[in-house]
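# Coordinates in review
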Amino acid sequence: LHHGFCDDSIVGLILTGYGMFLFTHNVHEAYRIGKAGEYLREESPNKHRLKSRLIAEWESSLKILIEPAPAVLSTFPSLYESAMLVGDVDSALRCRYSYCTISLYIGIELTSV
């Protein structure tokens, strides 16, 4: 894992998992591929930029199907910060939208969000 993984290959790995979910509906295998990409993303020196690029595909879509919703919800504040650190306002707003949507889904009042 120390050689051969550039940022685009990490993005490609997570998007491969997402595409597998969309086209084959094999959620568990897609999750495993995405989880490997998430590990590589966290090890990357450009992890904040990678986090902001993959909010919709990984955290908001695929990860929420396997992991408990409150656990996924707790990652959104750091994702928002990562997007703002790299100046990606679109991803930051998408992160806030996903945070509010998941909060409504699990029954958290938005006045406390």
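Look up a bit, the structure's there.
Heads up: these notes are all about the structure in this document. (Residues numbered from 1 in each chain as written. Predicted model: local features only at pLDDT ≥ 70, side-chain atom pairs only at ≥ 80, totals over all residues. Heavy atoms only, no water.)

Its 18 residues place the ends of helix 7 (residues 89-106) 26 Å apart at the C-alpha level, agreeing with the 26 Å of an ideal helix rising 1.5 Å per residue. Among all positions of helix 7, only S91, A92, C95, S98, Y99, I102 and S103 are buried. Down the axis of helix 7, the buried set is contained in an arc of 135°. They therefore lie on one face. Those residues of helix 7 that are exposed and angled more than 90 degrees off the buried face are D90, L93, Y97, L104 and Y105. Buried residues along helix 7 sit in contact with helix 3 (47-53), helix 4 (55-66), helix 5 (69-73) and helix 6 (76-85). (Helix = DSSP H or I, 4+ residues; strand = E, 2+ residues; numbered from the N terminus. Expected span 1.5 Å × (residues − 1). Buried < 20%, exposed > 50% of the residue type's maximum accessible area, 1.4 Å probe, protein only. Arc of directions from axis to C-beta. Contact = heavy atoms within 4.5 Å.)

Turning our attention to the pattern of salt bridges. Tallying each qualifying case throughout the model produces ten salt bridges. Each member of the salt-bridge network shares a partner with another, and the members are K35, E38, R41, E42, K51, K63 and E67. (Salt bridge = Lys/Arg side-chain N within 4 Å of Asp/Glu carboxyl O.)

What follows covers the packing of aromatic side chains. Scanning the model with the defined rule gives one aromatic pair in all. Between the aromatic rings of F76 and Y99, the centroid separation amounts to 6.4 Å while the plane-to-plane angle is 75°, which identifies the pairing as edge-to-face. Of this pair, F76 sits in helix 6 while Y99 sits in helix 7, and the two are 23 residues apart along the sequence. Residue F76 is classed as buried on the basis of its relative accessible area, which comes to 1%. We classify Y99 as buried; its relative accessible area is 18%. Seen from the ring of Y80, R96 lies directly overhead, with NZ or CZ sitting 3.9 Å from the centre. (Phe/Tyr/Trp six-rings, centres within 6.5 Å; stacked < 30°, edge-to-face > 60°. Lys NZ or Arg CZ within 6 Å of the ring centre and 35° of its normal.)

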